[in-house]
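Coordinate analysis (summary)
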Amino acid sequence: MNAVAVAPSTLAHPRLPRWAPLVVAVAALAVGALLGLILGWGPVAIVLLSGLLYVVALPAWSRVLEGRRAATDRLMTNLVWGAFAVVCVPLLWLLWNVVQKGAPHVTVHFLTTSMRGVFGSMEGGILHAIQGTVIVTLAATVIAVPIGLMTAIYLIEYGRGSRLAKVITFLVDVMTGIPSIVAGLFALSLLVLFFGPAFRAGIGGAIALALLMTPTVVRSAEEMLRLVPSDLREASFALGVPKWRTILKVVMPTAIGGIVTGVVLAISRVIGETAPLLVTAGYNDSMNGNLFSGRMTTLPVYIFNQYKTPGAVPLGAHAADPPGYARAWAAALVLIVIVMILNLIARIIGKIFAPKTGR
Amino acid sequence: MAKSIDVQDLDIFYGDFKAVEGVSMTIKAKSVTAFIGPSGCGKSTFLRSLNRMHEVIPGARVEGKVMVDGMSLYDPIVDPVEVRRRIGMVFQRPNPFPTMSIYENVLAGNRLNNKRMPKSEADDVVEKSLRGANLWNEVKDRLGKPGMGLSGGQQQRLCIARAIAVEPEVLLMDEPCSALDPISTAAVEDLIHDLKSSYTIVIVTHNMQQAARVSDDTGFFNLKAAGKPGHLVEFNPTKQMFTNPDSPDTEAYISGRFG
Ligand SMILES: Nc1ncnc2c1ncn2[C@@H]1O[C@H](COP(=O)(O)OP(=O)(O)O)[C@@H](O)[C@H]1O
Ligand SMILES: [Mg+2]
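Fair warning: this is a prediction, and the values are worked out from it, not measured in the lab.

**Side note on the overall build of chain A**
Scanning chain A for helices and strands turns up 13 helices and zero strands. When its helices and strands are written in sequence order, chain A yields α-α-α-α-α-α-α-α-α-α-α-α-α. A compact globule built from 359 residues would reach a C-alpha radius of gyration of about 21 Å, whereas chain A, at 29 Å, exceeds it by more than 25%. Each principal axis of the C-alpha atoms in chain A carries an extent, and together these give about 95 × 80 × 40 Å. Counting only residues that meet the buried cut, chain A has 40% of its 359 residues in that class. Only carbon and sulfur atoms are counted for the fraction: they give 73% of the accessible area of chain A, which is about 20300 Å². Charge separation in chain A, taken as the distance between the mean sites of 26 positive and 12 negative side-chain charges, equals 3 Å.

Put into structure tokens, the structure is as follows:
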């Protein structure tokens, strides 16, 4: 009879040394590079192959030395990190691309002039597009936030469980899925109904964007109001405070941080919309501060137009790209920066309004 | 002005479920009345029906009469908001408003109702209420700090201060000490003793010693069986209840021979 070699209940297990991942990484890279060079692959393929080798090799070594559970742990850890890297790559690549192509053209002149009378190799600007984006998005927010907020308040505070609330929730969900171009066409047909077929103005874009924002605002505000403990409402009722005042002064202030964050996220989602603005607000080379009359350019539409009609490559220049491409990239960079700033503001506001624990 | 409460044949429902059945009692003014009984027998439900907090829950309703000062609380012409202003409530779990400071929490009843008062008067109300709740000395140097930063016992006393700042006629307390340590519990019990001189107090408690210590009258609620409505078994002066109860069920519950 064979005796059992290992003591049946030992707490200590052999562990891979701390430098093991590093060694495996270096080895994987070396093997990957060697294979790649032999097969004549490019650097991207080599990195991918090495990564794959690493993900498999470390758990394999671990399986031999450490046992099954530790090997599974290492494999899962590698997969999670791998997924993270895969997600990050396109994002960073995109940012890098935009910064590289756009940054050199973002000058003071670019930010402070419009495209009025710009032709050929003249330098144009995006001031009119920034102005349009700000005005249209603000107007959309002014329309969408009260409607969305009141809908959320109805759903949580008054309509809980009622049939009407269920119907509204369903409609809001449907609204979330409306393609943006459909919202644009709807806004256009609405305005055409009142003001005639040739009507184009910023307000049409604002209505279309508001349509796209509202469901997001409803959803996030609903979520935030739901998080307010019913204890607080009852505490307020027990002090003889009417329901509407309780909602206004106890529930809303408690949830306001999250609601503001939700609103800003909704804004940053629609600020990049192109199609609905193209059909409602149109395109225009000059400044237009009037929301209700005349075509109004926004940044995404500007980018689209610069790309569509980039102008001619200046004579004698060696550059392959027409001037419109550079403007498009620069405007894209400005748009991304605006969205980032909005997100930062949302975070800061969320922090400021978050209920204070005092600890 | 402290008020007495006269309850006649009260049934309380959650939708179709009858939670409490056929309660009649008279709660005396300027005294402490305690409710005891096993979990789920409807003590909280009954207490919340005394200031129309019960109907805040969707589908909840009440049949029967609750008379305060000769006026029926459930008369259609009575405004529930006004009732709650006169009959304050302290909950089992301390629930200070997280967005408000200690000072603002005490004044919440006034401020939320948009009652304007000069700063000096507001200061007076805050000090008086916090002194009344035995909390003044502990917080007087940090009135501007968030109410959530206090310990559990302090938070509960803050909630009591908030409730008495609107000068209600009756104060309902639902197991106000169940989340508190013994020292905070003693502080709240002392407070109940002091408040008795100006308020009518009704307190639900799980703790029989506490009922015996603080109350003048005690009501014992029980369930006939699981799923059946709770009912009032006995309502008597506390002394009698704990020495010579009318009902054998009460005696069994009080002496711990229950179930
Ligand atoms: N919000 C509610 N909805 C439905 N039933 C409830 C609700 N609150 C309490 N009940 C029921 O009412 C009965 C009494 O509960 P409660 O008054 O909380 O008892 P106690 O405070 O004596 O422990 C229990 O059967 C409980 O399940
Ligand atoms: Mg209870």
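**What to know about the side chain of Asp-11 of chain B**
Residues and elements named next belong to chain B. Residue placement: Asp-11 occurs in strand 1 (residues 5-14). Judged by relative accessible area, which is 15%, Asp-11 ranks as buried. Engagement of the side chain of Asp-11 in a polar contact is seen with the backbone nitrogen of Gly-22, the distance being 2.7 Å. Not counting the four nearest positions on each side in its chain, Asp-11 is found in contact with Lys-18, Val-20, Glu-21, Gly-22, Arg-61, Val-62 and Glu-63.

**Description of the site of ligand 1**
Residues and elements named next belong to chain B. Contacts to ligand 1 come from Tyr-14, Phe-17, Ala-19, Ser-39, Gly-40, Cys-41, Gly-42, Lys-43, Ser-44, Thr-45 and Ile-57. A distance of 3.3 Å is found between a nitrogen atom of ligand 1 and a side-chain nitrogen or oxygen belonging to Tyr-14. At 2.7 Å, a backbone N or O of Gly-40 approaches an oxygen atom of ligand 1. In the complex, 62% of the free accessible area of ligand 1, which totals 560 Å², lies under the protein chains. At the level of secondary structure, the elements contributing two or more residues to the shell around ligand 1 comprise strand 2 (17-27) and helix 1 (43-49). Considering every element that reaches the shell around ligand 1, the biggest residue donor is helix 1, with three residues. The residue makeup of the shell around ligand 1, split by class, is five nonpolar, five polar and one charged.

**As for the nonpolar core**
In this structure, Ile-126, Ile-203, Met-213, Leu-225, Ile-259 and Leu-299 of chain A together with Phe-97 of chain B are the most contacted members of the largest nonpolar core, which totals 71 residues. Of all the secondary structure elements, the ones that give two or more residues to this core are helix 5 (127-158), helix 7 (180-195), helix 8 (202-227), helix 9 (230-238), helix 10 (243-270), helix 12 (299-308) and helix 13 (323-353) of chain A together with helix 4 (108-112) of chain B. When residues of this core are assigned to their parent elements, the largest contribution, twelve residues, is made by helix 10 of chain A. When neighbours within four sequence positions are excluded, Leu-299 of chain A is seen to be in contact with Ile-126, Ala-129, Ile-130, Thr-133, Ala-331, Val-334, Leu-335 and Ile-338 of chain A. One finds Leu-135, Ile-203, Ala-211 and Val-214 of chain B within the second-largest nonpolar core, a separate group that totals 43 residues.

**A few points about the domain arrangement of chain A**
All names here are of chain A. Partitioning chain A into domains gives domain 1 (20-104) and domain 2 (109-311 + 321-353). At the interface, seven residues of domain 1 touch six residues of domain 2. For the pair domain 1 and domain 2, the summed buried area comes to about 560 Å², and 88% of that belongs to carbon and sulfur atoms. Taken together, the links from domain 1 to domain 2 amount to zero salt bridges. Our count for the contact surface shared by domain 1 and domain 2 stands at zero residue pairs in polar contact (both at pLDDT 80 or more). In the side of domain 1 that touches domain 2, the residues fall into five nonpolar, one polar and one charged.

**Remarks on the packing of aromatic side chains**
If you walk through the whole model with that rule in mind, you get eight aromatic pairs over all chains. A ring pair is formed by Phe-35 of chain B and Phe-221 of chain B, whose centres lie 5.3 Å apart and whose planes are at 70°; its orientation type is edge-to-face. In this pair, Phe-35 of chain B is assigned in strand 3 (residues 32-36) and Phe-221 of chain B in strand 9 (residues 217-223), connecting sequence segments 186 residues apart. The same class applies to Phe-35 of chain B and to Phe-221 of chain B, which are both buried. Through pairs of rings, three or more aromatic residues link up here, namely Phe-194, Phe-195 and Phe-199 of chain A. Lys-243 of chain A extends its terminal NZ or CZ atom over the ring of Tyr-158 of chain A, reaching a point 4.6 Å from the ring centre. Above the plane of the ring of Phe-13 of chain B lies Arg-61 of chain B, whose end atom (NZ or CZ) is 4.2 Å from the centre.

**Considering the packing of helix 1 (residues 20-39) of chain A against helix 2 (residues 43-65) of chain A**
Residue and element names in this part refer to chain A. The geometry of helix 1 relative to helix 2 is characterised by a closest axis approach of 8 Å and an angle of 140° between their N-to-C directions. In terms of orientation, helix 1 lies oblique with respect to helix 2. Along this stretch, helix 1 crosses helix 2, giving a crossing that reads as right-handed. Seen from helix 1, the contacting residues are Ala-20, Pro-21, Val-24, Ala-25, Ala-28, Leu-29, Val-31, Gly-32, Ala-33, Leu-35, Gly-36 and Leu-37; seen from helix 2, they are Ile-46, Leu-49, Ser-50, Leu-53, Tyr-54, Ala-57, Leu-58 and Trp-61. In terms of residue class, the contact of helix 1 with helix 2 is built from 17 nonpolar, three polar and no charged.

**Some details on the packing of helix 3 (residues 68-102) of chain A against helix 13 of chain A**
Residues and elements named next belong to chain A. Look at helix 3 against helix 13: their axes get within 8 Å of each other, and the N-to-C directions meet at 125°. Here helix 3 lies oblique to helix 13, going by the angle between them. Judged by the sense of rotation from one axis to the other, the crossing of helix 3 with helix 13 is left-handed. Packed against helix 3, whose contacting residues are Leu-94, Leu-95, Val-98, Val-99, Lys-101 and Gly-102, the element helix 13 presents Trp-329, Ala-330, Ala-332, Leu-333, Ile-336 and Met-340 at the interface. Of the residues in the contact of helix 3 with helix 13, the class split is ten nonpolar, one polar and one charged.

**Considering the pattern of salt bridges**
All chains considered together, the criterion is met by 24 salt bridges over all chains. Between Asp-217 of chain B and Lys-28 of chain B there is a salt bridge, with its nearest N and O atoms 3.0 Å apart. Taken together, the residues Asp-217 of chain B in strand 9 and Lys-28 of chain B in the loop between strand 2 and strand 3 connect sequence positions 189 residues apart. Note that Glu-138 of chain B and Arg-157 of chain B form a salt bridge whose closest N and O atoms lie 2.9 Å from each other. On the criterion of sequence distance, the pair formed by Glu-138 of chain B in helix 6 (residues 136-139) and Arg-157 of chain B in helix 7 (residues 152-165) is long-range, its members being 19 residues apart. A relative accessible area of 36% places Glu-138 of chain B in the partly exposed class. Overall, Arg-157 of chain B belongs to the buried group, its relative accessible area being 6%. A single salt-bridge network, built from bridges that share partners, covers Asp-173, Arg-219, Glu-222, Glu-223 and Arg-226 of chain A.

**Considering a nonpolar patch on the surface**
All names here are of chain A. A surface patch of nonpolar side chains, about 710 Å² in accessible area, is lined by Trp-19, Leu-22, Val-23, Val-26, Trp-61, Val-64 and Leu-65. Taken together, the elements giving at least two residues each to the nonpolar patch come down to helix 1 and helix 2. Positionally, Leu-65 belongs in helix 2.

**Brief notes about the interface of chain B and chain A**
Note on interface size: it is often stated as the accessible area lost on association of the parts. Each partner contributes to the interface: chain B provides 29 residues, whereas chain A provides 21 residues. Approximately 2200 Å² of surface area, both sides summed, lies buried where chain B meets chain A, with 61% of it carried by carbon and sulfur atoms. Counting the surface chain B buries against chain A, the share from its top three residues, Pro-98, Thr-99 and Leu-112 of chain B, is 26%. Of the charged contacts in the structure, one is a salt bridge between Arg-93 of chain B and Asp-231 of chain A, with a shortest N-O distance of 3.1 Å. At the junction of chain B and chain A, the tally comes to seven residue pairs in polar contact (both at pLDDT 80 or more). Considering every element that reaches the side of chain B that touches chain A, the biggest residue donor is helix 4 of chain B, with four residues. Here the residues of the side of chain B that touches chain A sort into 15 nonpolar, eight polar and six charged.

Parameters and conventions
- Residues numbered from 1 in each chain as written.
- Chains lettered and ligands numbered in written order.
- Predicted model: local features only at pLDDT ≥ 70, side-chain atom pairs only at ≥ 80, totals over all residues.
- Heavy atoms only, no water.
- Helix = DSSP H or I, 4+ residues; strand = E, 2+ residues; numbered from the N terminus.
- Rg over C-alpha atoms; globule rule 2.2 N^0.38 Å.
- Buried < 20%, exposed > 50% of the residue type's maximum accessible area, 1.4 Å probe, protein only.
- Areas by Shrake-Rupley, 256 points an atom, 1.4 Å probe, with all protein chains shown as cover.
- Lys, Arg positive; Asp, Glu negative; His and termini not counted.
- Charge placed at Lys NZ, Arg CZ, Asp CG, Glu CD.
- Polar contact = N/O pair within 3.5 Å; in protein donor to acceptor, adjacent residues only side chain to side chain.
- Contact = heavy atoms within 4.5 Å.
- Near = heavy atom within 4 Å.
- Nonpolar A, V, L, I, M, F, W, Y, C, P; charged D, E, K, R; others polar.
- Core = buried A, V, L, I, M, F, W, Y, C linked by side-chain atoms within 4.5 Å.
- Domains from an automatic or database assignment.
- Buried area = accessible area lost by both parts, 1.4 Å probe.
- Salt bridge = Lys/Arg side-chain N within 4 Å of Asp/Glu carboxyl O.
- Phe/Tyr/Trp six-rings, centres within 6.5 Å; stacked < 30°, edge-to-face > 60°.
- Lys NZ or Arg CZ within 6 Å of the ring centre and 35° of its normal.
- Axes fitted to C-alpha atoms, helices over the stretch in contact; angles between N-to-C directions.
- Parallel < 35°, antiparallel > 145°, perpendicular 65-115°, else oblique.
- Left-handed = near helix turned anticlockwise from the far one by under 90°.
- Patch = residues over 30% accessible without salt bridge, like charges linked within 9 Å, V, L, I, M, F, W, Y side chains within 5 Å.

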